[in-house]
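# Understanding the architecture of this molecule
Given next are the chains, with one letter for each unit.
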Amino acid sequence: MLNKLTKLIAGILLGVTLTSQVALAANTCNTYPITLAKASSQYLTRADTTYVSLTGTSTIEFWINVTSLPGSGVGTPVIFKGDYNTDNAYQIMYLNDAGTPKIHARIFASSGNSNIADSKLTYTLTTGTWIHVAVVIRPQNPTASKFEFYINGSSQGNGTATLTGTVGSIYDNTRAFRIGQSDGVVPVTDYYLDAKVDEVRLWNVARTSSEISANYNTELTGSESNLQAYWQLNNTLTDSTANGNTLTNVNSATFTTSVPFVGCSAPFNFGLWFMF
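Just so it is clear, the model here is predicted, and its values are computed rather than measured.

## A closer look at the overall build of the chain
Assigned secondary structure in the chain consists of two helices and 16 strands. Expressed as a percentage of its 276 residues, the buried residues of the chain come to 46%. When contacts within the chain are restricted to residue pairs at least 6 apart in sequence, those whose partners lie at least 24 apart make up 69%. Of the accessible surface of the chain, which amounts to about 12,200 Å², a share of 55% is contributed by carbon and sulfur atoms.

Now the structure itself:
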C-alpha cells in the first residue's frame, strides 16, 4: 500500500507542477524635498563625524531648485563644512561673481587660508527649476583637474581653477556639516540658501561619469559601496546609509512635494518556488 501511495505522489509531482514566485520589493520612491528659506535663516546641520569628514578623493551630489539668487559678490552656501573664515574643509556655493552666476567649489588642506584649491563653473541656476549638481573632487590631481562638475548627469569639465599654497588632501576639521549655511558667518540673510534641496549624497570615491548619469535621477538604497552619507529628505532628516548621520533642522525648514524626479530605488527581488 505504501509503495502504491509513493508512486501515486510521484506521479502527481511529475504530472502537475505548480510554481509560485513571491517577489518582495524593498524599494523607496522620491516623495519630498526640503525647502530652506533664507528669510527665516533655515538650514540643516550634522555634528562632525568620520563620515562627513571627506579628506581625500570624494564626490558630492545634490538636487537644487533656487527660490532667489545671491546678491552681487555673495557666495551662498549649499554644502559646507567649515566656518567660512579660518577653519574650513570643503564648500560648494552658488556665487554671484560681479553679475556672473557660478557654481564654486573649494577645498582646504589646512586651517586658515594658506592652502586652498578652488574652481568656478559658470552656470545659471534658474529660479523654479530643478538642477542636479555633482562635484568630483580629486585633491591629489594637478590644479586644473582637482574638480570636475556635472549638471544633470553630464560632465561640464573642470571649471576655472586656482590654487593657493599646496593642496593634496582635504583638511579634517571638527566643524559641523551644513546644508544651506556656513558655520561661523555673521547671520546675514544672503549667506543662507534660499532653495529647495533634495537627494544629498557624500561619497569617499570619485564617481565615474557613467555612475553619475545612471543614478542622479533615481533613489539609491543607501547600501552602495563608498556612500558615506545619504539624505533622501523624504519627509525625514535621517541618513539612508547605516552610518547614522541624522540632520538637525534649524529654524523649522519644511518639506514639500515638488520633487525633481519620481524614480525609485531598485527593488530587491527573490523567488520562492513551491511544487505540489
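## Here we look at the state of the cysteines
Counting across every chain of the model gives one disulfide. Shown here is the disulfide that connects C29 with C264, its sulfur atoms set 1.8 Å apart. Measuring handedness by torsion sign, the sulfur bridge of C29 and C264 sits at about 100° and is right-handed. Within this pair, whereas C29 is found in the loop between α1 (2-15) and β1 (34-36), its partner C264 is found in the segment after β16 (254-255), the two being separated by 235 residues in sequence. By relative accessible area, which is 29% here, C264 ends up partly exposed.

## Concerning the pattern of salt bridges
Using the criterion set out here, one finds nine salt bridges in the structure. With a closest N to O distance of 3.2 Å, D87 and R175 form a salt bridge. Remark: R175 occurs in the loop between β11 (160-164) and β12 (177-179) and D87 occurs in the loop between β4 (75-81) and β5 (90-97); sequence separation between them is 88 residues. Given a relative accessible area of 13%, D87 falls into the buried group. Note that R207 is salt-bridged to E211, the shortest N-O span being 3.8 Å. For R207, a relative accessible area of 10% puts it in the buried group.

## So, the environment of T166
Relative to the helices and strands, T166 resides in the loop between β11 and β12. A C-alpha to C-alpha distance of 9.9 Å links T166 and Q140, two positions 26 residues apart in sequence. Excluding residues within four positions of it along the chain, T166 makes contact with A109 and N115.

## A short note on the nonpolar core
Formed by 43 residues in total, the largest nonpolar core has its most connected members in I64, I79 and Y90. In this structure, I64 is in contact with V78, L125, T129, W130, I131, V133, L193, A195 and K196, ignoring residues within four places of it in sequence. Formed by five residues, the second largest nonpolar core is a distinct cluster that contains V136, Y150, A206 and I212.

## Observations concerning the sheet that holds β4
Spatial ordering of the open sheet is given by β11-β7-β6-β5-β4-β12-β2-β15, a layout of eight strands whose pairing is antiparallel. Edge positions in the sheet fall to β11 and β15 (248-250), since each has one partner strand and no second. Adjacent strand axes in the sheet meet at a mean angle of 20° when their direction is disregarded. Direction of pairing for strand β6 (residues 100-108) relative to strand β7 (residues 116-122): antiparallel, over a ladder of seven bridges. Looking across to β7, one finds that H104 is bridged to K120.

## Let's talk about the packing of aromatic side chains
Scanning the model with the defined rule gives five aromatic pairs in all. When the ring of W63 is compared with that of F261, the centres are 5.9 Å apart and the planes differ by 45°; the resulting orientation is tilted. In this pair, W63 sits in strand β3 (residues 58-66) while F261 sits in the segment after β16, placing the two residues 198 residues apart along the sequence. We note that W63, like F261, is buried. Just above the ring of W203 sits the side chain of R207; from NZ or CZ to the centre is 3.7 Å.

## Regarding the environment of L237
Mapped onto the elements, L237 comes out in the loop between β14 (227-231) and β15. On the basis of relative accessible area, L237 is assigned to the buried category, the value being 14%. When the C-alpha positions of L237 and N249 are compared, they lie 7.8 Å apart, and in sequence the two are 12 residues distant. If we skip the residues at most four places from it in the chain, L237 touches I34, L44, W231, N245, T246, L247, T248, N249 and F255.

Quick notes on the rules
Each chain has its residues counted from 1, following the order in which its sequence is written. For a predicted model such as this one, the threshold for reporting local features is a pLDDT of at least 70, and the threshold for listing and counting side-chain atom pairs is 80 or more; totals across whole chains, interfaces and linings nevertheless cover every residue. To get the side-chain values, all heavy atoms of the structure are used, and hydrogens and water are removed first. Strands are runs of DSSP state E lasting at least 2 residues, helices are runs of H or I lasting at least 4, and numbering of each runs from the N terminus. With a 1.4 Å probe rolled over the protein chains alone, any residue whose accessible area is under 20% of its type maximum counts as buried; one over 50% counts as exposed, and the rest are partly exposed. Any two residues whose heavy atoms approach within 4.5 Å at even a single point are treated as in contact. Only the protein chains shown count as covering a residue, and every accessible area follows the Shrake-Rupley method with a 1.4 Å probe. Only a pair of cysteine sulfur atoms within 2.5 Å counts as a disulfide in this structure description. Should a side-chain nitrogen of Lys or Arg be within 4 Å of a carboxyl oxygen of Asp or Glu, the pair is scored as a salt bridge. We define a nonpolar core as any set of buried Ala, Val, Leu, Ile, Met, Phe, Trp, Tyr and Cys residues linked to one another through side-chain atoms lying within 4.5 Å. The criterion for strand pairing is that DSSP finds at least two bridges linking the strands in question. All axes here are fitted lines through C-alpha atoms, helices being fitted over the stretch that makes contact, and every angle between N-to-C directions spans 0 to 180 degrees. Centre distance within 6.5 Å is the pairing criterion for rings of Phe, Tyr and Trp, where only the six-membered ring of Trp is used; planes under 30 degrees apart are then read as stacked, over 60 as edge-to-face, and the remainder as tilted. We count a charge as sitting over a ring when the NZ of a lysine or the CZ of an arginine lies within 6 Å of the ring centre and within 35 degrees of the ring normal.

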